[in-house]
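# Survey of secondary and tertiary structure
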Amino acid sequence: MDWTGWIEHYGEPHVLLVCGLLSGLLFGFFAQRSKFCLRAAVIEFWHGKFGEKLAVWLLAFSTAVVAVQLFVVSGLLDVGTARQLSSRGSLSGALIGGLIFGVGMVMTRGCASRLLVLSANGNLRALLSGLIFAVTAQASLAGVLAPWREAVAGLWVVDGGPARSLLALVGVGPNDGLAFGAVWMVTAGFFAYYSGWGAWKWLGGIGTGLAVALAWLFTYQVLAHSFEPVQVQGMTFSGPSAEWLMRVLSNPAEPWSFDLGLMPGVFLGSLIGALVGGDWKLEGFGGGYTMPRYIAGAIFMGFGSMLAGGCAVGAGMTGGAIFAVTAWLTLAGMWIGGGLADRVLDRPRPAAQAESPSGAAAAP
């Protein structure tokens, strides 16, 4: 691929924009077709049901790990300068932010990426939740919630470099990371086989993980062939959501970037997937009690993602694939927070008694 020629002809911002658009298209299409969703996987796990939802997430996650580490081993990718590894991080922010995000994704019935995918399928609940998520993310980044985020993030910090790399801390290298991902891929394949998957589930799970890995590869290749400073980065949805919000509201003249191409790419890819599968359907709120729940959940997710340094994809898959310590801590928090929220908010209620204590029939 003639990266140098494209960069010289179109410029770094436009090449990054196209890279984000392509990564988003692939992610949106395959995530829609496979119904990729961390919330669904978390609930299935905590309910002791190792079915297709958990298998889809495991297959996508392990594919991302294997592909990223394979790129690193082959010399096509160097993630040493990635923000998740090179800069100072917050362990307290990762854990607490992950817990808060996990609660929020259960309340909104989907993480940030899932909300964007569902919005393209005609789900108005997801659209409203996504907008509130973006507003809260921006408020947490540089608004009224920023002091709270900074206070929690400053409780327990870690320096950049080897201290933020799980592989370095354990004393292993990318080959071992590749083997680790391969083990989980085999595990996901085992669950998938016994779930009776069709072709779209297999393709969707693998394609979703590859889209996450390609985001790393694309931005690094632009960096490697550019004369201008370009940050190697992966796929995430918290920062881009806030960036798109501010671009629409205040300053549309900002340079184009990978993040600004990612969001419309995911939306368009999901829309294509919904049309191909006949899944597009306009949906609203089912009842009055659901709207406050979705709003509160979106606020939790927006704050939690900025505190943790990423969403379920940004920290969970993108950061997890390069074995950033904070990303794995965030991911653990999301699984714990999601499980607790499901138990408290959505556990089955005891059946109403047939008769009241006085002997009269109880109202349904």
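Here the structure is a predicted model, which is why all the values come from computation and not from measurement. (Residues numbered from 1 in each chain as written. Predicted model: local features only at pLDDT ≥ 70, side-chain atom pairs only at ≥ 80, totals over all residues. Heavy atoms only, no water.)

Along its length, the protein carries 17 helices and two strands. Against the compact-globule benchmark of 21 Å for 364 residues, the protein has a radius of gyration of 21 Å, which places it among compact chains. Overall size of the protein, expressed as C-alpha extent along the three principal axes, is 80 × 50 × 45 Å. Expressed as a percentage of its 364 residues, the buried residues of the protein come to 52%. A distance of 13 Å separates the average location of the 19 positive side-chain charges in the protein from that of its 18 negative side-chain charges. (Helix = DSSP H or I, 4+ residues; strand = E, 2+ residues; numbered from the N terminus. Rg over C-alpha atoms; globule rule 2.2 N^0.38 Å. Buried < 20%, exposed > 50% of the residue type's maximum accessible area, 1.4 Å probe, protein only. Lys, Arg positive; Asp, Glu negative; His and termini not counted. Charge placed at Lys NZ, Arg CZ, Asp CG, Glu CD.)

Scanning all chains against the criterion turns up six salt bridges. With a closest N to O distance of 3.8 Å, Glu150 and Arg149 form a salt bridge. Asp346 serves as the salt-bridge partner of Arg293, at 2.8 Å between the closest nitrogen and oxygen. Pair noted here: Arg293 is in helix H15 (residues 290-308) and Asp346 is in the segment after helix H17 (325-345), with a separation of 53 residues, a long-range link. (Salt bridge = Lys/Arg side-chain N within 4 Å of Asp/Glu carboxyl O.)

On to the environment of Thr208. Structurally, Thr208 can be placed in helix H12 (residues 199-224). By relative accessible area, which is 0% here, Thr208 ends up buried. The spatial distance from the C-alpha of Thr208 to the C-alpha of Phe29 is 8.3 Å, given a sequence separation of 179 residues. Apart from the residues lying within four places of it in its own chain, the contact partners of Thr208 are Phe27, Phe30, Ala31, Ser34, Phe36 and Ala60. Polar side-chain contacts of Thr208 include one of 2.7 Å to the backbone oxygen of Gly204. (Contact = heavy atoms within 4.5 Å. Polar contact = N/O pair within 3.5 Å; in protein donor to acceptor, adjacent residues only side chain to side chain.)

Grouped together as the largest cluster of nonpolar side chains are 76 residues, with contacts concentrated most on Phe27, Phe36, Trp57, Phe101, Met235 and Phe237. Among the elements that make up this core, the one with the highest residue count is helix H4 (residues 52-73) (13 residues). (Core = buried A, V, L, I, M, F, W, Y, C linked by side-chain atoms within 4.5 Å.)

What the rule picks out here adds up to 20 aromatic pairs. When the ring of Phe27 is compared with that of Phe36, the centres are 6.0 Å apart and the planes differ by 80°; the resulting orientation is edge-to-face. Per residue, the accessibility class of Phe27 equals that of Phe36, and both read buried. Judged by centre distance (5.7 Å) and plane angle (10°), the ring pair of Phe323 and Trp328 falls under stacked. For Phe323, a relative accessible area of 4% corresponds to the buried category. (Phe/Tyr/Trp six-rings, centres within 6.5 Å; stacked < 30°, edge-to-face > 60°.)

This next bit is on the side chain of Ser119. Assignment of secondary structure puts Ser119 in helix H7 (residues 112-119). Taking the relative accessible area as the measure of exposure, Ser119 reaches 13% and is therefore buried. Once residues lying within four places of it in the same chain are set aside, the contact partners of Ser119 are Ala126, Leu127 and Phe267.

Further remarks concern the confidence of the model for the protein. Mean pLDDT over the protein stands at 91; residues scoring 70 or higher make up 93%. In this model residues 351-364 is a low-confidence stretch, pLDDT under 50, and it forms seven contacts with partners more than four residues away in sequence or in other chains. (pLDDT = per-residue confidence, 0-100.)

With that settled, consider the environment of Trp216. As for its placement among the helices and strands, Trp216 is situated in helix H12. Looking at Trp216, the relative accessible area reads 0%, which means it is buried. For the pair Trp216 and Gly48, spaced 168 residues apart in sequence, the C-alpha separation works out to 34 Å. Those residues in contact with Trp216, other than ones at most four positions away along the chain, are Val68, Leu77, Val79, Ala82, Gln84, Val232, Gln233, Gly234, Thr318 and Ile322. In this structure the side chain of Trp216 is engaged in a polar contact, spanning 3.2 Å, whose partner is the backbone oxygen of Thr318.

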